[in-house]
Amino acid sequence: MSSWKKAPDFTEKDTEGKPVRFSENLKGYTLVDFWASWCGPCRRENPNIVATYKEFHDKGFNIIAISLDKKKENWIKGIQDDKLTWTHLSDLLFGTVQWQNYTEYEQFQPII
């Protein structure tokens, strides 16, 4: 998927296991953030994303985070520890075919 193209619609589960349809949660400007609790670069960038969200959310900026985690407890802990207050979705099956067209897995590095 290249920049400035409409993202494909999909349904994925939120942190409570409820299905969420992507297209029904687009409001204003929406950043789709692919991340994982074990991804060092992702976690280091989260404070900047939190600050941007706080600054621009009232002006129509939103985030939908797609986690590539496999373990729910790690995913939830990452959300809580990094104070990520927006919509979070995951199938908890890192590497599924659904996301292979939208991400470049080699960019993720586990936290050591």
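Residues numbered from 1 in each chain as written. Predicted model: local features only at pLDDT ≥ 70, side-chain atom pairs only at ≥ 80, totals over all residues. Heavy atoms only, no water.

### Topic: the overall build of the protein
When its secondary structure is counted, the protein shows three helices and five strands. Of the regular secondary structure in the protein, the N- to C-terminal order runs β-β-β-α-β-α-β-α. For the protein, the residues scored as buried account for 38% of the 112 residues in total. Roughly 7,400 Å² of accessible area belongs to the protein as shown, and the carbon and sulfur atoms make up 53% of that amount. (Helix = DSSP H or I, 4+ residues; strand = E, 2+ residues; numbered from the N terminus. Buried < 20%, exposed > 50% of the residue type's maximum accessible area, 1.4 Å probe, protein only. Areas by Shrake-Rupley, 256 points an atom, 1.4 Å probe, with all protein chains shown as cover.)

### Here we look at the nonpolar core
Counting residues in hydrophobic clusters, the biggest one holds 15 residues, and the most contacted among them are Trp35, Tyr53, Ile63, Ile79, Leu84 and Trp86. Those elements giving two or more residues to this core turn out to be α1 (40-56), β4 (61-67) and α2 (72-81). Among the elements that make up this core, the one with the highest residue count is α1 (four residues). Once residues lying within four places of it in the same chain are set aside, the contact partners of Leu84 are Trp35, Asn46, Val50, Gly78 and Ile79. In terms of nonpolar packing, the next biggest core, distinct from the first, is built from seven residues, Val20, Phe22, Ile66 and Leu89 among them. (Core = buried A, V, L, I, M, F, W, Y, C linked by side-chain atoms within 4.5 Å. Contact = heavy atoms within 4.5 Å.)

### As for the confidence of the model for the protein
In this model, the protein carries an average pLDDT of 83, and 78% of its residues clear a pLDDT of 70 or more. The secondary structure element of the protein with the lowest average pLDDT is helix α3 (residues 97-100), at 52, and the one with the highest is α2, at 97. The model gives residues 103-112 a pLDDT under 50, and that stretch makes 24 contacts with residues more than four places away or in other chains. (pLDDT = per-residue confidence, 0-100.)

### Let's talk about the state of the cysteines
Applying the stated criterion to the full structure yields one disulfide. One disulfide in the model links Cys39 with Cys42; its S-S distance is 2.3 Å. Torsion about the S-S bond of the Cys39 and Cys42 cystine: about 70°, corresponding to right-handed handedness. Judged on exposure class, the residue Cys39 and its partner Cys42 are both buried. (Disulfide = S-S within 2.5 Å.)

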